[in-house]
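# Residue-level structure breakdown
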Amino acid sequence: MELEEKITKAILDASHKYWDDLLELDVAVVGAGPSGLTTAKYLADKNVKVAVFERHLAFGGGMWGGGMGYPEIVIEKPADEIFKDFGIKLDKVDEELYTANSVEAPTKLATGAIDAGAKIATSIVVEDVILRENKVTGIVINSYAIEKAKLHIDPLAIMSKYVVDATGHEASVINILARKNPERNIKIQGESSMWAEEGEKLLIMNTKEIYPNLFVAGMAASAVGGSYRMGAIFGGMVLSGKKCADEILKRLDR
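Below or above, wherever it landed, is the structure these notes cover. (Residues numbered from 1 in each chain as written. Predicted model: local features only at pLDDT ≥ 70, side-chain atom pairs only at ≥ 80, totals over all residues. Heavy atoms only, no water.)

## Some words on helix α2 (residues 34-44)
Turn by turn, an α-helix covers 3.6 residues, leaving residues three or four places apart pointing in a common direction. Counting buried positions along α2 yields 11 of 11 residues, so the element is predominantly enclosed. Along α2, the positions that sit buried rather than exposed are P34, S35, G36, L37, T38, T39, A40, K41, Y42, L43 and A44. (Buried < 20%, exposed > 50% of the residue type's maximum accessible area, 1.4 Å probe, protein only. Helix = DSSP H or I, 4+ residues; strand = E, 2+ residues; numbered from the N terminus.)

Now the structure itself:
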C-alpha cells in the first residue's frame, strides 16, 4: 500500500470511528464559544457524553479578538474561580476585576473541555433540530462548506437527550426552531444595547431551558431574553456555561 493510500485510509477509518461515537449523545452543545466550552467541560467532568458542534474551523467565539483587537479580556468575580479551574492566568485589576489573555483563554477552555472527555467537531453547521412530539431530541447537521457553497445536499442527524444553543448573538438554534414551528409561539426578544453590569447579571438569569430539552447559554441567552450586551467582559459567559451544565446535570440525575 502506497503512503498516500495509507494516509487516506487512516483518516477515513479514524473519522468513521469518531463520528460513529457521536451519533447518540447525552448533550449536544451548539457553538464552541466560551459558554459552550464551559458547559461541555463541566458536563464531561461528570462522565456525561457531550460534544460541541462549531460552524467555524476555530473555537472560542468572540473571545479571540479581546477588546477591539487588543489581546486582553476582562472577567469579574466569581468567574475567576472558573478561569482558574481551566488553568487560565489572571492579572488583578482591583478587588472585583481581572484581565486574561484573549488567546490563552479560549485555547485553555477548549483544552479543558477536551481533557474532561468532551469532543469538539468544527466546520459543522446545525441547520435544524429533531422534534418528537413536544421535545427536542437531537440536531440536524451539515458541512459549513456545503452551506457556504449553497449546495442542495441533505444533512445528517445526531440524537441527543439535551441540546444547548450557545451560538452567540444570533441564537441560531432557537431562531431555527421558532421559524420552522411558528405554532409553538417561541419568543425571541433580541439583544439590547450595551450595559455591561446589568448585562452580566441578566445573562445568568436568562440561562435556562427555553423549550423542552433545549437550553440556551451565553450571548444566545442574552438575545433570547432581551438583555444587554456587555462588550469584552466574559465572566458572565463562563458562569452561564457552568449554570447550564448544572441545570442539565440535575435533569440527568433524575
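On we go.
## Concerning the sheet that holds strand β4 (residues 91-92)
The strand order β3-β5-β4 describes an open sheet built from 3 strands, whose pairing is antiparallel. Only two strands of the sheet have a single neighbouring strand rather than two, namely β3 (72-76) and β4. Two elements, β4 and strand β5 (residues 97-101), share 2 bridges in a ladder whose sense is antiparallel. Note that in β5 the partner of K92 across the bridge is Y98. (Pairing = 2+ DSSP bridges.)

## Some thoughts on the packing of helix α7 (residues 196-205) against helix α9 (residues 235-252)
Between α7 and α9, the shortest axis-to-axis distance is 9 Å and the interhelical angle comes to 10 degrees. With respect to α9, the element α7 is oriented roughly parallel. For the pair formed by α7 and α9, the contact residues are E200, L203, I204 and M205 on the first element and G235, G236, M237, L239, S240 and K243 on the second. The residue inventory of the contact of α7 with α9, partitioned by class, reads 5 nonpolar, 3 polar and 2 charged. (Axes fitted to C-alpha atoms, helices over the stretch in contact; angles between N-to-C directions. Parallel < 35°, antiparallel > 145°, perpendicular 65-115°, else oblique. Contact = heavy atoms within 4.5 Å. Nonpolar A, V, L, I, M, F, W, Y, C, P; charged D, E, K, R; others polar.)

## Re the packing of α2 against α9
Axis separation between α2 and α9 bottoms out at 7 Å; the angle between their running directions is 40 degrees. Classified by the angle between their axes, α2 and α9 sit oblique to one another. Viewed along their axes, α2 and α9 form a crossing whose handedness is right-handed. Mapping the contact onto sequence places P34, S35, T38, T39, Y42 and L43 in α2 and M237, V238, G241, K242, C244, A245, I248 and L249 in α9. Residue classes in the contact of α2 with α9 are distributed as 9 nonpolar, 4 polar and 1 charged. (Left-handed = near helix turned anticlockwise from the far one by under 90°.)

## Notes on the side chain of N213
In this fold, N213 is placed in the loop between β10 (208-211) and β11 (214-216). Under the relative-accessibility criterion, N213 is labelled buried at 14%. At 3.4 Å, the side chain of N213 forms a polar contact with the backbone oxygen of K161. In this structure N213 touches K135, V136, K161, Y162 and V163, once residues within four positions along its chain are discounted. (Polar contact = N/O pair within 3.5 Å; in protein donor to acceptor, adjacent residues only side chain to side chain.)

## With respect to the packing of aromatic side chains
The description of an aromatic ring pair uses the distance of the two centres, along with the angle that the planes make with each other. For the structure on display, the rule yields 6 aromatic pairs. The interplanar angle of 90 degrees and the centroid separation of 6.1 Å between the aromatic rings of Y42 and F86 together place this pair among those described as edge-to-face. Placement of the pair is Y42 in helix α2 and F86 in the loop between α3 (79-85) and β4, with a sequence separation of 44 residues. For F86, a relative accessible area of 8% gives the class buried. Ring centres 6.1 Å apart and planes at 70 degrees place the aromatic pair Y162 and F215 in the edge-to-face group. Here Y162 is found in strand β9 (residues 156-165), whereas its partner F215 is found in strand β11, with 53 residues between them in sequence. In this structure Y162 comes out as buried when scored by relative accessible area, which is 11%. Ring pairs connect the aromatic residues Y18, W19 and F53, which therefore count as one cluster. Over the face of the ring belonging to F86 we find K41, whose NZ or CZ atom lies 5.6 Å from the ring centre. Residue placement shows K242 over the ring face of Y42; its charged tip is 5.1 Å from the ring centre. (Phe/Tyr/Trp six-rings, centres within 6.5 Å; stacked < 30°, edge-to-face > 60°. Lys NZ or Arg CZ within 6 Å of the ring centre and 35° of its normal.)

Spatial relationships are all this shows, so hold off on functional conclusions.
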